[in-house]
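Structural overview for review
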Amino acid sequence: VEGPAKLVMAKDEVDTFKKLQTPEAKLSFIRIFWTRRDPNPETALNEFRQEFERRVSYANQNFASGPIAGWQTPMGQIYIVFGPPFRTDRTIIDTRRAVLWWYGKLRLPNLDPNEAFAFVELHGDGKMYLVPPEPDPHSNVELAQRQAELRTASMFTIPFKYNLAGGVMNERAV
């Protein structure tokens, strides 16, 4: 599965989509995928999809890194799944520029309540990497970044409920 929709697909949905052989079957899957997430099917507008597309557009405009589309960056992916952070702090972690995104009491497996998502510019090239929020200053930041990516990757494979954007995005996400 390619494209930003994979950020909100459950593992079983990704597996099912990969097995589809014909364009017709894939189109049918896509229609059902978005219909299942429509919080108000009685209206012509799918509010979940509209909010999702708004977040993808925002991510592409604000978090692109060179040739990498914004939705493919760690900041873009976190933004798409969780929406705008409750609070943003800009700071220095281990002499590197960092941005911390706080989501209040967001409850997720593999993430402590009130823990920030920390994005750090590791190589001075403007590219932001997802790292633990307060790594030990004597630790290897690159190792911490890899550990955070593994932790976050596993987080996106576990279905969970989230409630963002005034209740618009309230289906499970992965």
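Remember, predicted model here, so these are calculated numbers, not experimental data. (Residues numbered from 1 in each chain as written. Predicted model: local features only at pLDDT ≥ 70, side-chain atom pairs only at ≥ 80, totals over all residues. Heavy atoms only, no water.)

In terms of helices and strands, the protein carries five helices and four strands. Its helices and strands taken in sequence order, the protein reads α-α-α-α-β-β-β-β-α from the N to the C terminus. Within the protein, contacts between residues separated by at least 24 positions form 43% of all contacts whose residues are at least 6 apart in sequence. (Helix = DSSP H or I, 4+ residues; strand = E, 2+ residues; numbered from the N terminus. Contact = heavy atoms within 4.5 Å.)

Scanning the entire structure with this criterion turns up 14 aromatic pairs. A ring pair is formed by Phe-33 and Trp-34, whose centres lie 4.8 Å apart and whose planes are at 80°; its orientation type is edge-to-face. Of the residues examined, Phe-33 reaches a relative accessible area of 4% and is grouped as buried. By relative accessible area, Trp-34 is classed as buried at 7%. When the centroid spacing of 5.2 Å and the interplanar angle of 50° are considered together, the rings of Trp-34 and Phe-52 count as tilted. Taken as a pair, Trp-34 in helix α2 (residues 23-36) and Phe-52 in helix α3 (residues 47-62) lie far apart in primary sequence, 18 residues in all. (Phe/Tyr/Trp six-rings, centres within 6.5 Å; stacked < 30°, edge-to-face > 60°. Buried < 20%, exposed > 50% of the residue type's maximum accessible area, 1.4 Å probe, protein only.)

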